[in-house]
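One letter stands for each residue in the lines below.
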Amino acid sequence: MQDFAADAKDNQISESPSVTEIVPQDSSVLKDGGEEIVYKMDERMPLGEREISKTRDFESPEELYATLIKKLAAYHPSDDLSLVRKAYEIALKAHGDQKRKSGEPYIIHPLNVALILADLELDKESIIGGILHDVIEDTSLTEEDITREFSPEITLIVSGVTKLGQLSYSVDKIEIQAENLRKMFLAMAKDIRVILIKLADRLHNMRTLRFMTPEKQKEKARETMDIYSPIAQRLGISKIKTELDDLSLKYLEPETYEKLSWEVNQKLSERTDFIKDIVASVSNCMDAGDIKCQVNGRVKHLFSIYKKMVNQQKTLDEIYDLFAVRIIVETVKDCYAALGLIHEMYKPVPGRFKDYIAMPKQNMYQSLHSTLIGPGGQPFEIQIRTFDMHRTAEYGIAAHWKYKEDPNAKNIEDQEEAKLTWLRQILEWQNDMTDNREFMSLLKDDLNLFADSVYCFTPAGDVKSLPTGSTPIDFAYSIHSAVGNRMVGARVNGKLVNIDYNIKNGDRIEIITSANSRGPSRDWLNIVKSTQARNKINQWFKTESREADTVRGKELLQAYCRNKGINPADIFKPEYQETALKKYSFKDWDSLCASVGHGGLKEGQVINRLVEEHSRDVIDNQTDEDVLNQINETAARIKEQAGKIHKKHDGNGIIVKGIDDIAVRFSKCCNPLPGDEIVGYITRGRGVSIHRTDCVNMLHLSEIERFRLIDAEWQDTPDGKYKAEINIYVHDRVGVLIQIAQVFSEKSINVEAMSSRSGKNSTATITVTFNVSGKSELDRIVEKLLSLDCVYDITRTTG
């Protein structure tokens, strides 16, 4: 088979079209220039895995190193590869007898990472960084050692890939993940090679994921699909992105993956002749038009097909463009000439033509796409691009190192800058946000692989790419936050429109602003689609109300202390506050108080943390006499309060402290269950209502109302059934309700009510009210529901 990368590299085109048919099929024989070429496909291997050199299990380190040097020498201009050898010897010695889960020597992993980087034809420093990428994290070598042996440049790259090691294992997993990603993005801003090594590292780990536990497989696959694959897409590296997608799908949806693989292979065997005929016809057409090119046919990647099935709610039989024909030509002029010839030959499907050459994607991908009706009425897709465009599509930003000495290097650097616009946006978020959970939520929304885009124009004719379903508000914030904050209206194609108008491809949008605008409305948060707009609106409100929120937060903390009988002077010490700031990832005490003030953090969480630190400090400095006095005081207090504890409402399992002879009832806003942390609220004339401590109504009580709160707890062994209500977020498709109802039926759960409502992007929310014995039973039901492939999230109602 011909090496397209080499052809693109040398930009050599033969006098007549070169026809190469890439039709993976089990034991199929195809013709290419008179030669018979046999292709053998491993059905267990993701389609994308054929694109970059494969990992061979248990190959010796020396063999891998020899292969690496051979690859590197083939494209690197320098003959001096001694530093690469030095890096290999240092890593080999540092990793020593360390083994991977597969049982092979650990050095096999960094060598395979370096091989993937060599496939992308990266520079020597990247290869060295790939070989050394785990030595700081997993061996005794330090950053100083690497700087001494190599250079500060290599140290920066290796350090950027290294995870944060000083985080406590008691810290929440999301907090750890967020901090590691923040560190990685900052390192990327200094040197983009950091993320290229990280992507190669993740690709090899995904290829060998079969050696991990099923839980770890799903965890890594989910992180890959949420974070790393979208980053590869943003950087335009399709050779890595497509394989990461297919491997993630393999472990996240194994049954779907196996079924889809089998069905695609069946379709492939049925349509081999169809693809061969199309490729031959297109080749003859280009020959007749005197256009020098290469033509090939290919099957689309499994995840690409799966994404289309999910987004369009179709079965595989309803996806007609499973196959694409690609024409690679010499110039942009030839692209459009080839398109004209193809449209004369086959009838195009209306509305299915996309010109990504005139309007490149955000990652600078360029190509002409058109869906055509082939022989027998069978649709197929054709893609037309130049050799340079093909290389950019395959290697993305990694192609930058290939063209460093190119006479058009300035133009290429401008394109690479455009690719990194999203990275600057993420760095802005990092500076704006102290809440790691909010940061992770925004990041995943922004990198959503299932989101499609619309392309629109500014009045000056500049192209803007926004998520499908975006409004003029999203457009305004994509221009500048000041434009969005002062927006009072919009014109689309010269006509005034509502601010919730859904932008369509080709719309020309003009934003109307006013200096008298009082800023965005909170209702806009329910309208906007883009993560950028939502973040900017939230930041505006946080900035505008920060001072008031800070004051309110401090008042709530003080009131909580008074209510619990805690002396604020004991716990509000700088060293205790510093611990709370680290725990909740805030830069200063005022930021934490502001978060408490606007409801982002519960005052009880903060006070409990401070009390815990104070108690630890007291215990460390306590004498035997202090302990004895404390025991006596506690015993006296328990004896005094024992008579005040009264069990309410036989059968409800609640104990309210300090009040006698009063009715107790469960609130309907949050439906507390045995096992939930609860609090009592003294109502006016209706006794005590029991709420969950995270109930929205409790979190937003005024300072005066908070004095009506009272301690409540569950009996050790509460009995009876309790009402629970959950929101199930699903991919909207036929049979979802049946699947969910079956889970409740299998668990013998009595469902009192079930309702559903459709959302955007083919999603839906199903609200279910039912009876359970407690939180543990609810958790088991939620776990079972989350195992369904149609369910992507579940929350409890909180008011």
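Everything numeric in this text was worked out from a predicted model, so none of it was measured.

Parameters at a glance
- Residues numbered from 1 in each chain as written.
- Predicted model: local features only at pLDDT ≥ 70, side-chain atom pairs only at ≥ 80, totals over all residues.
- Heavy atoms only, no water.
- Helix = DSSP H or I, 4+ residues; strand = E, 2+ residues; numbered from the N terminus.
- Contact = heavy atoms within 4.5 Å.
- Areas by Shrake-Rupley, 256 points an atom, 1.4 Å probe, with all protein chains shown as cover.
- Polar contact = N/O pair within 3.5 Å; in protein donor to acceptor, adjacent residues only side chain to side chain.
- Expected span 1.5 Å × (residues − 1).
- Bend = angle between axes of the 7 residues up to and from the residue.
- Patch = residues over 30% accessible without salt bridge, like charges linked within 9 Å, V, L, I, M, F, W, Y side chains within 5 Å.
- Salt bridge = Lys/Arg side-chain N within 4 Å of Asp/Glu carboxyl O.
- Buried < 20%, exposed > 50% of the residue type's maximum accessible area, 1.4 Å probe, protein only.
- Pairing = 2+ DSSP bridges.
- Axes fitted to C-alpha atoms, helices over the stretch in contact; angles between N-to-C directions.
- Parallel < 35°, antiparallel > 145°, perpendicular 65-115°, else oblique.
- Left-handed = near helix turned anticlockwise from the far one by under 90°.
- Nonpolar A, V, L, I, M, F, W, Y, C, P; charged D, E, K, R; others polar.

Caption draft 1: Looking closely at the overall build of the protein. The number of helices and strands found in the protein is 30 helices and 23 strands. The contacts of the protein with a sequence gap of at least 6 include a subset with a gap of at least 24, amounting to 67%. Carbon together with sulfur atoms contributes 49% to the accessible area of the protein, which is approximately 38,700 Å² in total.

Caption draft 2: Quick peek at the side chain of aspartate 145. Relative to the helices and strands, aspartate 145 resides in helix α7 (residues 143–149). Looking at aspartate 145, its side chain comes within polar contact range of the main-chain nitrogen of threonine 142, at 3.0 Å. A distance of 2.7 Å separates polar atoms of two side chains, one belonging to aspartate 145 and the other to arginine 148.

Caption draft 3: Fine view of the side chain of asparagine 485. Note on placement: asparagine 485 falls in helix α21 (residues 481–485). Polar contacts involving the side chain of asparagine 485 include one to the side chain of tyrosine 477, which spans 2.7 Å. Among residues more than four places away in sequence, those in contact with asparagine 485 are Tyr477, Ser517, Gly519, Pro520 and Trp540.

Caption draft 4: Geometry of helix α22 (residues 531–564). Counted at 1.5 Å a residue, the expected span for α22 with its 34 residues is 50 Å, but the 40 Å between its end C-alpha atoms falls short. Roughly 65 degrees is the biggest bend found in α22, and it falls at arginine 546. N-cap assignment for α22: the residue whose side-chain oxygen lies 3.2 Å from the backbone N of alanine 533 is serine 530.

Caption draft 5: Expanded view of a nonpolar patch on the surface. Residues Leu737, Val751 and Met754 make up a contiguous nonpolar surface patch of roughly 220 Å² in combined accessible area. Along the chain, valine 751 falls in strand β21 (residues 751–758). For valine 751, a relative accessible area of 30% puts it in the partly exposed group.

Caption draft 6: Just the sheet that holds strand β23 (residues 791–796), in detail. Spatial ordering of the open sheet is given by β21-β22-β20-β23, a layout of four strands whose pairing is antiparallel. Sheet topology places β21 and β23 at the edges, where each strand pairs with a single neighbour. In this sheet, neighbouring strand axes are inclined to one another by 20 degrees on average, regardless of whether the strands run parallel or antiparallel. Relative to strand β22 (residues 763–772), strand β20 (residues 722–731) runs antiparallel, the two being bridged by ten bridges. Residue pairing for β22: histidine 731 is matched across the bridge by threonine 763.

Caption draft 7: Expanded view of the packing of helix α8 (residues 152–161) against helix α10 (residues 193–207). As a packed pair, α8 and α10 sit with axes 9 Å apart at the nearest point and diverge in direction by 50 degrees. Taken as axis vectors, α8 and α10 run oblique relative to one another. Remark: the crossing between α8 and α10 carries right-handed chirality. The residues of α10 that touch α8, namely those facing Glu153, Leu156, Ile157, Gly160 and Val161, are Arg193, Val194, Ile197 and Lys198. Residues belonging to the contact of α8 with α10 are distributed by class as follows: five nonpolar, one polar and three charged.

Caption draft 8: Here's a closer look at unusual backbone geometry. Notably, glutamate 121 is not glycine yet its phi reads approximately 60 degrees, a positive angle. Along the chain, the position of glutamate 121 falls in the loop between α4 (108–119) and α5 (124–132). A positive phi is found at asparagine 493, a non-glycine position, where the angle reads about 55 degrees.

Caption draft 9: The arrangement of the pattern of salt bridges in detail. In total, this model carries 23 salt bridges according to the counting rule given. Between glutamate 612 and arginine 609 there is a salt bridge, with its nearest N and O atoms 3.9 Å apart. Of this pair, glutamate 612 and arginine 609 both sit in helix α26 (residues 603–620), three residues apart, which is roughly one turn of that helix. Between lysine 775 and aspartate 779 there is a salt bridge, and its shortest N-O distance comes to 3.4 Å. Residue lysine 775 and its partner aspartate 779 are located together in helix α30 (residues 775–786), separated by four residues, close to a single helical turn.

Caption draft 10: Expanded view of helix α2 (residues 61–75). Over its 15 residues, α2 extends 22 Å from the first C-alpha to the last, a length consistent with the 21 Å expected when each residue adds 1.5 Å. Taken together, the buried residues of α2 touch α3 (82–95), α4 and α5.

Caption draft 11: The arrangement of the environment of cysteine 593 in detail. Relative to the elements of secondary structure, cysteine 593 occurs in helix α25 (residues 589–597). Expressed as a C-alpha distance, the spacing of cysteine 593 and leucine 557, which sit 36 residues apart in the sequence, is 8.2 Å. Once residues within four sequence positions are removed from consideration, cysteine 593 is found in contact with Asp549, Thr550, Gly553, Lys554 and Leu557.

Caption draft 12: How the structure looks around the sheet that holds strand β13 (residues 509–513). Spatial strand order, β12-β11-β13: three strands in an open sheet with antiparallel pairing. Of all the strands in the sheet, the pair left with one neighbour each is β12 (495–497) and β13. Here the strands of the sheet are splayed against their neighbours by 35 degrees on average, with no regard to which way each runs. Summarising the sheet, strand β11 (residues 487–492) and β12 pair through three bridges and their orientation is antiparallel.

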